[in-house]
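Descriptive analysis of the structure
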Amino acid sequence: MAGFVAKKLSIPVYSIGAGPECDGQLTPIIADLIGQFQAFSPKFVKKYADVATVVTDAMKAYVADVQAGTFPCRRTLLSHDRRRKRKVRSPWSRITTNPRAART
């Protein structure tokens, strides 16, 4: 069908997976090209990577590290310079569960 339409028209015809008879192919969604989703992939998409597996494996490793207590660790925590320490008031310090205290 796409080839028929392309031959009949005097303007360029672009498609998303309609075949080589068209003048060009529109780039499918990047998530499809990189294999971000495992559940569904359109027939016309060629996967150039399997990002879904990479992300899933990374998240599993993160959960395992947190459960094992190896992350966060001293190396990954932010530290502060004790010489420049100043009192920082929490934005939550004004919030109270006592409605009467909030009015005072």
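How each quantity is defined
- Residues numbered from 1 in each chain as written.
- Predicted model: local features only at pLDDT ≥ 70, side-chain atom pairs only at ≥ 80, totals over all residues.
- Heavy atoms only, no water.
- Helix = DSSP H or I, 4+ residues; strand = E, 2+ residues; numbered from the N terminus.
- Buried < 20%, exposed > 50% of the residue type's maximum accessible area, 1.4 Å probe, protein only.
- Contact = heavy atoms within 4.5 Å.
- Areas by Shrake-Rupley, 256 points an atom, 1.4 Å probe, with all protein chains shown as cover.
- Phe/Tyr/Trp six-rings, centres within 6.5 Å; stacked < 30°, edge-to-face > 60°.
- Expected span 1.5 Å × (residues − 1).

Comments concerning the overall build of the protein chain
Regarding its fold elements, the protein chain presents four helices and two strands. Each helix and strand of the protein chain, ordered N terminal to C terminal, gives the series α-β-β-α-α-α. By the burial criterion, 15% of the 104 residues in the protein chain qualify as buried. Long-range contacts, defined as pairs at least 24 residues apart, comprise 4% of the intrachain contacts of the protein chain with a sequence gap of at least 6. Entry remark: accessible area of the protein chain is about 9800 Å², with carbon and sulfur atoms responsible for 58%.

Topic: the packing of aromatic side chains
Counted by the stated rule, this structure contains one aromatic pair. Ring geometry for Y62 versus F71: centroids 5.9 Å apart, planes at 65°, classification edge-to-face.

Remarks on helix 3 (residues 51-68)
One full turn of an α-helix is made of 3.6 residues, so residues set three or four places apart face in the same direction. Its 18 residues place the ends of helix 3 26 Å apart at the C-alpha level, agreeing with the 26 Å of an ideal helix rising 1.5 Å per residue. Following helix 3 by one or two positions, G69 has its phi on the positive side, about 80°.

Some details on unusual backbone geometry
Note: most peptide bonds trans; most residues except glycine with negative phi. Along the chain, F71 connects to P72 via a cis peptide bond; the corresponding omega equals -5°. In this fold, P72 is placed in the loop between helix 3 and helix 4 (99-103).

What about the environment of Y62?
Tracing the backbone shows Y62 in helix 3. Residues Y62 and P72, spaced 10 residues apart in sequence, show a C-alpha to C-alpha distance of 9.8 Å.

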